[in-house]
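Each chain is listed here by its residues.
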Amino acid sequence: MLKKNDNHMNTETRLAVLETVILHINESIERIDKRFEHIDKRFDDVDKKFDRLENKIDKIDNRLWLLFFWTISGFIGVLSFISHAFHWI
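Here's what I pulled together on the structure shown here. In this text, all values refer to a predicted model and were calculated from it rather than measured experimentally.

## So, the overall build of the chain
Phase 1 of the analysis: The secondary structure content of the chain amounts to 1 helix and 0 strands.
Phase 2 of the analysis: Scaling as 2.2 N^0.38, a compact globule of 89 residues should have a C-alpha radius of gyration of about 12 Å, whereas the chain reaches 37 Å, well beyond that.
Phase 3 of the analysis: With the C-alpha coordinates of the chain rotated into their principal frame, the extents come out at 115 × 20 × 15 Å.
Phase 4 of the analysis: Relative to its 89 residues, the chain shows a buried fraction of 2%.
Phase 5 of the analysis: When the accessible surface of the chain is summed, it comes to about 9000 Å², and 64% of that surface belongs to carbon and sulfur atoms.
Phase 6 of the analysis: The averaged location of the 15 negative side-chain charges in the chain is 6 Å from the averaged location of its 14 positive side-chain charges.

## Describing helix 1 (residues 11-85)
Phase 1 of the analysis: For helix 1, built from 75 residues, the straight-helix expectation of 111 Å at 1.5 Å per residue is met to within 8% by its first-to-last C-alpha distance of 109 Å.
Phase 2 of the analysis: H87 lies just past helix 1 and shows a positive phi near 60°.

## Topic: unusual backbone geometry
Phase 1 of the analysis: Here H87, not a glycine, exhibits a phi torsion of approximately 60°, which is positive.
Phase 2 of the analysis: When you line up the elements, H87 lands in the segment after helix 1.
Phase 3 of the analysis: Given the relative accessible area of 69%, H87 is considered exposed.

## Topic: a positive patch on the surface
Phase 1 of the analysis: Judged by side-chain charge, K48, K49, R52, K56 and K59 come together as a positively charged surface patch.
Phase 2 of the analysis: Tracing the chain through its elements places R52 in helix 1.

## Regarding a nonpolar patch on the surface
Phase 1 of the analysis: Side chains of V78, F81, I82, F86, W88 and I89 sit close together on the surface and give an oily, nonpolar patch of about 750 Å² of accessible area.
Phase 2 of the analysis: Position of F86 among the secondary structure elements: in the segment after helix 1.
Phase 3 of the analysis: The exposed category is assigned to F86, whose relative accessible area is 55%.

## Considerations on the packing of aromatic side chains
Phase 1 of the analysis: The tally for this structure, following the rule as stated, stands at 4 aromatic pairs.
Phase 2 of the analysis: Taking the centre distance of 5.7 Å and the plane angle of 55° together, the rings of F68 and F69 count as tilted.
Phase 3 of the analysis: Classification of F69 as partly exposed rests on a relative accessible area of 48%.
Phase 4 of the analysis: Considering the side-chain rings of F86 and W88, the 5.4 Å spacing of their centres and the 25° angle between planes classify their relative orientation as stacked. One exposure class covers both F86 and W88, and it is exposed.
Phase 5 of the analysis: One aromatic cluster in this structure is built from W65, F68 and F69.

Scoring rules and cut-offs
Residues numbered from 1 in each chain as written. Predicted model: local features only at pLDDT ≥ 70, side-chain atom pairs only at ≥ 80, totals over all residues. Heavy atoms only, no water. Helix = DSSP H or I, 4+ residues; strand = E, 2+ residues; numbered from the N terminus. Rg over C-alpha atoms; globule rule 2.2 N^0.38 Å. Buried < 20%, exposed > 50% of the residue type's maximum accessible area, 1.4 Å probe, protein only. Areas by Shrake-Rupley, 256 points an atom, 1.4 Å probe, with all protein chains shown as cover. Lys, Arg positive; Asp, Glu negative; His and termini not counted. Charge placed at Lys NZ, Arg CZ, Asp CG, Glu CD. Expected span 1.5 Å × (residues − 1). Patch = residues over 30% accessible without salt bridge, like charges linked within 9 Å, V, L, I, M, F, W, Y side chains within 5 Å. Salt bridge = Lys/Arg side-chain N within 4 Å of Asp/Glu carboxyl O. Phe/Tyr/Trp six-rings, centres within 6.5 Å; stacked < 30°, edge-to-face > 60°.

Printed below as a string of structure tokens:
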């Protein structure tokens, strides 16, 4: 087997080795690119899930504030009724 640094390697052999190395590098880059595309899709899926979760949390948060305001309003209504019944107002 010939080594790369061997002086007996002719130009055609060097060119063949170089082409083989380029093909292997190209295949490796294509595999890496496919993996990154797959990872990008997974990140997009995770982003969609977080968006849905954020929307649900916002709905729950809005509902809690609405219930809080209704509770405070009801409490104020009961207090005003009691104060009127006892002639405090």
